[in-house]
Amino acid sequence: MGTSVFNWLSDKLATERHQYWALQWSGWAGYTLLTFIGGFFWVENHLLYSGYLAVATASGIALSEGMRRGFQRLWDKPPATRLIGSLAVIILAAALWAAIKFGGNLWLYGKESDEHPLVMSVYWFSYSFLIYMTWTALYYGIKYYQTSLQQQEKALKAESIAHQSQLKMLRYQLNPHFLFNTLNAISTLILDQDGKTANSMVTRLSQFLRHSLDNDPMQKVTLAKEVEALMLYLDIEKVRFADRLQINIDLEGDAPRALVPSLLLQPVVENAIKYGISQREWGGEITIKARVFAGELLIEVSDNGPGVPEKELAGLGQGAGVGIRNTCERLRALYGDEQKTRFCNRPQGGLSVHLRIPFEQE
């Protein structure tokens, strides 16, 4: 029962209109309660006093609602106009409310009083003006706070859209880059009059591109599915390299269930084939390892090619190579400082690429 009531209240207070009226009623209820307690021991006729409070509160609510409508009209005006207009609205509402309460006071206590009527009028106006100034300060304070939140939300939404656009741009760069390299290889096969192999590569290329287009570029996939997509690409390369290309895959523990950006491994493996395997007369092998450690997914892609000169290692991921640079930029855009890409030459020969990203699961 309690949960149902809480959920109902949460739904009702989800809009600004309901929030306003919740604050309006609770604020005036607090005013009425404090005024009733403050005068309870000083009046003789509590029934008349209760009636007076009801009229004072009802008129106070009605006038404050009129003030709100006036403030709404002034909201888009220049600051000076808004300030002067708001002050005029407060003075008018305070004068009307003071007149109503002063008349009620005379009706409740009679005309006998030691104070001059002018002094009493100033007192009631000052009291009403103070109450409405407090109400106005709260109204504008909440209004400015809500406006600030809306502006922040718009700024965050715009930043998110820009961020997604950047990621999509980086992701879509992979297709033309990979397509150019593959078509270049097919062209070479045709020139060598190897039509059968070229046709086989075209078939596998269409399968890979269909898989690429069917997947949302913003959607992360499990590492297991990423490896399946990678094998579509490797099928193309195996047509070209035949037995000269060996692939070793080792996914430990929870690594297959880890979420990664789609087509994360393809440019890294492509780079290993282009600068590693193709440089060896007898080909070589590419090893892909992954494991989860200390809340992070650690991926290593290595080859047994000639490696990279030490002076060029520091520039990998920042130079002219589209695939590796693209991968590094995607990881930085997605994970910020929580990711790291490291390149190093293996002691036994070849290049090793280490990717470290936060471990996430579906």
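Just above sits the structure.
> Is there a simple way to think about the pairing of strand S5 (residues 296-303) in this case?
The side chains of a regular strand alternate between the sheet's two faces. With eight bridges connecting them, strand S4 (residues 284-293) and S5 associate as antiparallel partners. Paired with Thr 287 across the bridge in S5 is Ser 302. Taken together, S4 and the strand that follows it, S5, pair antiparallel across an intervening segment of two residues, in which Ala 294 is found at a positive phi of about 55 degrees. Note that S5 and strand S7 (residues 351-358) share seven bridges and pair antiparallel. Across the sheet, Val 301 pairs through a bridge with Val 353, a residue of S7.

> Where do I start with the sheet that holds strand S6 (residues 340-345) in this structure?
Pairing between the strands of a sheet comes from backbone hydrogen bonds, and it takes one of two forms, parallel or antiparallel. Spatial ordering of the open sheet is given by S2-S4-S5-S7-S6, a layout of five strands whose pairing is mixed. Each edge of the open sheet carries a strand with a single partner, namely strand S2 (245-251) and S6. Pairs of neighbouring strands in the sheet enclose a mean axial angle of 15 degrees, with direction left out of account. Here seven bridges tie S2 to S4, and the two strands are oriented parallel to one another. Within S4, the position partnered with Gln 246 by the bridge is Glu 285. Relative to S2, helix H7 (residues 223-241) is tilted by about 170 degrees, and along the sheet it contacts S2, S4 and S5. Against the sheet, helix H8 (residues 266-275) contacts S2, S4, S5 and S7, and its axis sits at roughly 150 degrees relative to S4.

> For this particular structure, what's the right way to read the packing of H7 against H8?
Geometrically, a packed helix pair is captured by the angle between its two axes and the distance between the axes. Interhelical geometry of H7 versus H8 gives an angle of 25 degrees and a closest axis separation of 10 Å. When the axis of H7 is compared with that of H8, the two are roughly parallel. Between H7 and H8 the crossing geometry is right-handed. For the pair formed by H7 and H8, the contact residues are Glu 226, Leu 230, Tyr 233, Leu 234, Glu 237, Arg 240 and Phe 241 on the first element and Gln 266, Val 269, Glu 270 and Ile 273 on the second.

> What should I look at first to understand unusual backbone geometry in this one?
With the exception of glycine, most residues fall at negative phi, and the peptide bonds are largely trans. For Ala 294, which is not a glycine, the phi torsion comes out positive at approximately 55 degrees. Note on placement: Ala 294 falls in the loop between S4 and S5. Residue Ala 294 is classed as exposed on the basis of its relative accessible area of 65%.

> Could you clarify how one ought to interpret a nonpolar patch on the surface in this entry?
Together, Leu 23, Leu 138 and Ile 142 give the surface a local cluster of nonpolar side chains, amounting to about 280 Å² of exposed area. The residue Leu 23 is located in helix H2 (residues 16-40) in this model.

> Mind showing me how you'd approach the environment of Val 227 here?
Position of Val 227 relative to the elements: it lies in helix H7. Sequence separation between Val 227 and Gln 266 is 39 residues; the distance between their C-alpha atoms is 9.0 Å.

> Looking at this model, I keep getting lost on the packing of H2 against helix H3 (residues 46-74). Mind explaining?
Contact geometry of H2 with H3 gives a least axis separation of 10 Å together with a crossing angle of 150 degrees. What the angle tells us is that H2 and H3 run roughly antiparallel. The element H2 and its partner H3 pack so that their crossing is right-handed. Of the residues in H3, those in contact with Tyr 20, Trp 21, Gln 24, Trp 25, Trp 28, Tyr 31, Thr 32, Thr 35, Phe 36, Gly 39 and Phe 40 of H2 are His 46, Tyr 49, Ser 50, Leu 53, Thr 57, Gly 60, Ile 61, Ser 64, Glu 65 and Arg 68. Residue classes in the contact of H2 with H3 are distributed as 10 nonpolar, nine polar and two charged.

Parameters at a glance
- Residues numbered from 1 in each chain as written.
- Predicted model: local features only at pLDDT ≥ 70, side-chain atom pairs only at ≥ 80, totals over all residues.
- Heavy atoms only, no water.
- Pairing = 2+ DSSP bridges.
- Helix = DSSP H or I, 4+ residues; strand = E, 2+ residues; numbered from the N terminus.
- Axes fitted to C-alpha atoms, helices over the stretch in contact; angles between N-to-C directions.
- Contact = heavy atoms within 4.5 Å.
- Parallel < 35°, antiparallel > 145°, perpendicular 65-115°, else oblique.
- Left-handed = near helix turned anticlockwise from the far one by under 90°.
- Buried < 20%, exposed > 50% of the residue type's maximum accessible area, 1.4 Å probe, protein only.
- Patch = residues over 30% accessible without salt bridge, like charges linked within 9 Å, V, L, I, M, F, W, Y side chains within 5 Å.
- Areas by Shrake-Rupley, 256 points an atom, 1.4 Å probe, with all protein chains shown as cover.
- Salt bridge = Lys/Arg side-chain N within 4 Å of Asp/Glu carboxyl O.
- Nonpolar A, V, L, I, M, F, W, Y, C, P; charged D, E, K, R; others polar.

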